[in-house]
Amino acid sequence: MPSVLRHKLVSPLNASNLNPCIHMISFCTSGVNPIMQMPPEQTVSVSKLSQDLHLMKETLAHMIATHNPFSPLSFMKCIDMSLSLCRSGRFCSLLFAQHRHVLTTDLCNLVTKSYTNSNEHLKSILVYTCMNNVGILPDCATFPSVIKSVARLSCPKLGRSIHGCIIRMGFNADVFVNTALVSMYSTSRFLEDAHQLFDEMPDRNSVTWNAMITGYTHNRKFREALELFQDMQILAVEPTEVTMVSALSACAHLGALSQGKWIQNYINHNNIRLNVFVGTALIDMYAKCGCIYESEKVFQSMRMKNVYTWNALILGFAMNGQGEVALDIFSYMIKENMSPDSVTFLAVLCACCHQGLVGEGKKFFHNMEKEWGLQPNLEHYGCMVDLLGRAGFLDEALHLITNMPMKTDAVIWRALLVACRIHGNSNLSEVAIRNLLELEPYNGENYVLLSNLYSRDHRWSKVGEVRDIMNSKGIQKVPGCSSIEIDHKVYEFVVASRSEEDGFKEIYNMLDNINRVLKLSGYIADTDMVSYDIEEEEKESSLIYHSEKLALAFGLLRTSSGSEIRIVKNLRVCRDCHSFFKIVSRVYRRIVIVRDRNRFHHFGGGVCSCKDYW
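These figures come from a predicted structure and were not determined experimentally.

Trainee: Whenever I open this one, the overall build of the chain confuses me. Can you help?
Mentor: When its secondary structure is counted, the chain shows 33 helices and 6 strands. Within the span of the chain, comprising 614 residues, buried residues form 50% of the whole. Taken as a whole, the chain presents about 29,100 Å² of accessible surface, with 52% of it coming from carbon and sulfur.

Trainee: Can you help me understand the pattern of salt bridges in this one?
Mentor: Where charged atoms from two side chains of opposite charge come close, those side chains can pair. This model, assessed by the stated rule, comprises 15 salt bridges. Between R160 and D193 there is a salt bridge, and its shortest N-O distance comes to 2.7 Å. Note that R160 is positioned in helix α11 (residues 156-169) and D193 in helix α13 (residues 191-200), a separation of 33 residues in sequence. What makes R160 partly exposed here is its relative accessible area of 37%. Residue D576 pairs with K549 through a salt bridge whose shortest N-O separation is 2.5 Å. Placement of D576 in helix α33 (residues 575-587) and of K549 in helix α32 (residues 547-558) is noted, with a sequence separation of 27 residues between them. Pair check on accessibility: D576 and K549 agree, each one buried.

Trainee: Sorry, what's going on with the sheet that holds strand β1 (residues 481-486) here?
Mentor: One key point about sheets: their strands pair by backbone hydrogen bonds, in either a parallel or an antiparallel sense. Taken in spatial order, the 6 strands make up an open sheet running β2-β1-β3-β4-β5-β6, and their pairing is mixed. Every other strand in the sheet has two partners, leaving β2 (489-494) and β6 (607-608) as the edge strands with one partner each. As defined by bridge partners, strand β3 (residues 565-569) adjoins strand β4 (residues 592-595) across 4 bridges and the pair is classed as parallel. By the bridge assignment, R566 is partnered in β4 with I593.

Trainee: Help me out: how do you make sense of the layout of surface pockets in this one?
Mentor: By rolling a water-sized probe across the atoms, one finds the places where empty space is left. Looking at the second largest pocket, its volume works out to about 760 Å³. Forming the walls of the second largest pocket are 30 residues, and the residues nearest its centre are K148, T179, A180, S183 and V207. For the lining of the second largest pocket, the secondary-structure elements that each account for two or more residues are α8 (105-117), α10 (143-152), α12 (175-187) and α14 (206-218). If one sorts the elements of the lining of the second largest pocket by residue count, α12 sits on top with 7 residues. Looking at the lining of the second largest pocket, its residues break down into 11 nonpolar, 14 polar and 5 charged.

Trainee: Would you mind showing me how to read the packing of α32 against α33 here?
Mentor: Packed helix pairs are specified by the crossing angle of their axes together with the interaxial distance, meaning the distance between the axes. It is the contact of α32 with α33, at a shortest axis distance of 10 Å, that shows an interaxial angle of 20°. Judged by the angle between their axes, α32 and α33 are roughly parallel. Crossing geometry of α32 relative to α33 is assigned as left-handed. Along its contact with α32, which presents E548, K549 and L552, the element α33 presents D576, C577, F580, F581 and V584. By residue class, the composition of the contact of α32 with α33 is 5 nonpolar, no polar and 3 charged.

Trainee: Can you help me understand the confidence of the model for the chain in this one?
Mentor: Put simply, the chain has an average pLDDT of 82, and 81% of its residues get 70 or more. Note that residues 1-51 has pLDDT below 50 and, in this model, 69 contacts with residues that lie over four places away or in other chains. Here residues 532-538 is a poorly scored stretch, pLDDT under 50, and it has 7 contacts once near neighbours within four places are set aside; other chains count.

Conventions we followed
Residues numbered from 1 in each chain as written. Predicted model: local features only at pLDDT ≥ 70, side-chain atom pairs only at ≥ 80, totals over all residues. Heavy atoms only, no water. Helix = DSSP H or I, 4+ residues; strand = E, 2+ residues; numbered from the N terminus. Buried < 20%, exposed > 50% of the residue type's maximum accessible area, 1.4 Å probe, protein only. Areas by Shrake-Rupley, 256 points an atom, 1.4 Å probe, with all protein chains shown as cover. Salt bridge = Lys/Arg side-chain N within 4 Å of Asp/Glu carboxyl O. Pairing = 2+ DSSP bridges. 1 Å grid on protein atoms, 1.4 Å probe; cavity = no way out; pocket = protein on both sides within 12 Å on 5 of 7 lines; lining within 4 Å. Points joined across faces, edges and corners; volume = space filled by probe spheres on them. Nonpolar A, V, L, I, M, F, W, Y, C, P; charged D, E, K, R; others polar. Axes fitted to C-alpha atoms, helices over the stretch in contact; angles between N-to-C directions. Parallel < 35°, antiparallel > 145°, perpendicular 65-115°, else oblique. Left-handed = near helix turned anticlockwise from the far one by under 90°. Contact = heavy atoms within 4.5 Å. pLDDT = per-residue confidence, 0-100.

Below is the structure:
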């Protein structure tokens, strides 16, 4: 027995101090809140106990001497007291060592589960560790909560160690343990390990499928998430609300409208509850597929709505070029006594930014803290810099940046640099790019923005210098990638030259035909941003094979006349493609909806919903 504890056992105990403690333990054992039931004078003593290490040691010594039985609540109370006073696991280990004869696996499981459910994950892992140290063997019920805590704390090495213990103890066939492991590996971004484990599981339930689908979605593997969801349907595994939320999220990011509609029909026909989470996911899916009025229909059909539901609708209208409607919805939200959060104001500022509503944006930015007590964060400041910069208030945008109460990040300076490119302010762009390259010296997008700025001013020597820097540092720009959904299948296209993609002969021929037709209708390729050291004809050729144009040609080939074409691009639509799509919508009489990294462009009749303000 440790010397400190032995000393306390033979020392006379102060009854006046210990009685309240014994009283507390007895209430803990009975499951009653001890603090609520104690007389005032005893509550003071308990408060003193939680602040007095000496007194806590006496209490623990008394419990050991009297063999006072533990309930889960009393056991947790002792652990909490020891951790709050000692800030280490020393006395927790002492508790386990001295009470090994009365502690059971079931009791420890209850304690770890309680800690995990209350987001006290370190304590859950500590209890598991102490169990192993004193020889209390875990069982199948031990691991799910512990593994969940490991995942929440992002400790993959510890998770692998626990996985090894599970295999050695023969619990690797348990569906609940394996499901927790799949979720842990997915959360830790070890998707290959998660899927291998998923494939090897002898038994799976809907929660297991949810864990794998959610893992893919959270790691932006949206195509894989939808493929797994389809496998789930083939095997007749009944999905849950969680499944639907993850699958709808994948559809939203891919722009897979037909699959999203199929999911909604499945929900309706199988009586899956349209709770606030499923409803919000549907709103988000339709908004990110460019069907904002379908989002509004779902919103109107929902009985229960929370702030996330309102945020999804406001942001949806903002993204789809209807900023005024977004602001009207925000006003209605306030009338409905729904308090906005920081995301709400981010959506409102985005609406102002996309429409160039500078005055309204300033008002919302200042009222955010003044009326609602919400402190603007970096994202809100980024929206304001973007709003001011795009509208031409570059000096005011710079003043806002230099007077921010927090350190600026690359997003802020990139917003200013984009505004400088729009308005041709070379001097201020130099300030922005210096700060940007200092924060992100290896981000290829920053160099592309700088190169485009120099190209606009025809400063070709500077463009060459930027290219040389990128080559010397091995920096690659992100290639343009566009996707289009046809017949429930998503097709992806990457920017390429004709010689690299001989298998796409039909698409290239279609693009050539479109290009000839558009030139007769007044289209002139915008080659200002194309590299200076190639011939004009080569410049036009490089523009025609942008990924969104490849997707457009494929859409015109594979869809019926009059149907809408929907394209999703990973980067901002370039100026030439924007003009190209406007003329296509007029000449071919098609509605073309393009979602780029920043917003939606609804092309129709030769005009765009953004009104060329993007």
